[in-house]
Structure formats: C-alpha cells, structure tokens
Amino acid sequence: MKTLPLIQLIVALLFVSLIGACSDDARVTLHEPHVYKGNVDAHQYNLLSQEKRLQQRTLLAFTDR
C-alpha cells in the first residue's frame, strides 16, 4: 500500500503546478494588434539626419546618369 501516498504526492504536485501557472505576472507582455510594446528605438531621433545623409549619398552616386 505504498502506492497510495505516492499517488497523493503526484496529485498534490500537479495541483500546485497548475495553480502556479495561472498567475497574473506583471512581467508578461500582452500583445495587441498594431501596438508596439517593445523597447524604444534608439535611432528614431536620428531619422532626419540619416535622411539628409542618404540624399547626399544618392546625389553623389547617381548624378552621372
């Protein structure tokens, strides 16, 4: 009759693991369509200067055509 305590232990562990999996953890990111919730883009503020540099490079490369 040693199997009964073993079965009770397994059932208790399963119950505890199922209850633990159903928590509202604040570290979880809930995704919504068309909403970016990632890190802030570090290059977002350099877009104007990057565009100017790209226009200059384009003029240098394609003025001979």
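As a reminder, the structure under discussion sits directly above these lines.
Residues numbered from 1 in each chain as written. Predicted model: local features only at pLDDT ≥ 70, side-chain atom pairs only at ≥ 80, totals over all residues. Heavy atoms only, no water.

### Re the overall build of the chain
Next, step 1: Helix and strand counts for the chain come out as 2 helices and 0 strands.
Next, step 2: Residue burial in the chain is summarised as follows: out of 65 residues, 0% are buried. (Helix = DSSP H or I, 4+ residues; strand = E, 2+ residues; numbered from the N terminus. Buried < 20%, exposed > 50% of the residue type's maximum accessible area, 1.4 Å probe, protein only.)

### Brief notes about unusual backbone geometry
Next, step 1: If you check the backbone angles, His34 has positive phi at about 65 degrees while not being a glycine.
Next, step 2: Positionally, His34 belongs in the loop between helix H1 (3-21) and helix H2 (47-62).
Next, step 3: On the basis of relative accessibility, which here comes to 85%, the residue His34 falls in the exposed class.

### Comments concerning a nonpolar patch on the surface
Next, step 1: A contiguous nonpolar surface patch, about 490 Å² in accessible area, is contributed by Leu6, Leu9, Ile10, Leu13 and Leu14.
Next, step 2: With respect to the helices and strands, Leu13 occurs in helix H1. (Patch = residues over 30% accessible without salt bridge, like charges linked within 9 Å, V, L, I, M, F, W, Y side chains within 5 Å. Areas by Shrake-Rupley, 256 points an atom, 1.4 Å probe, with all protein chains shown as cover. Salt bridge = Lys/Arg side-chain N within 4 Å of Asp/Glu carboxyl O.)

From the geometry alone we can't say anything about function, so treat these as descriptive.
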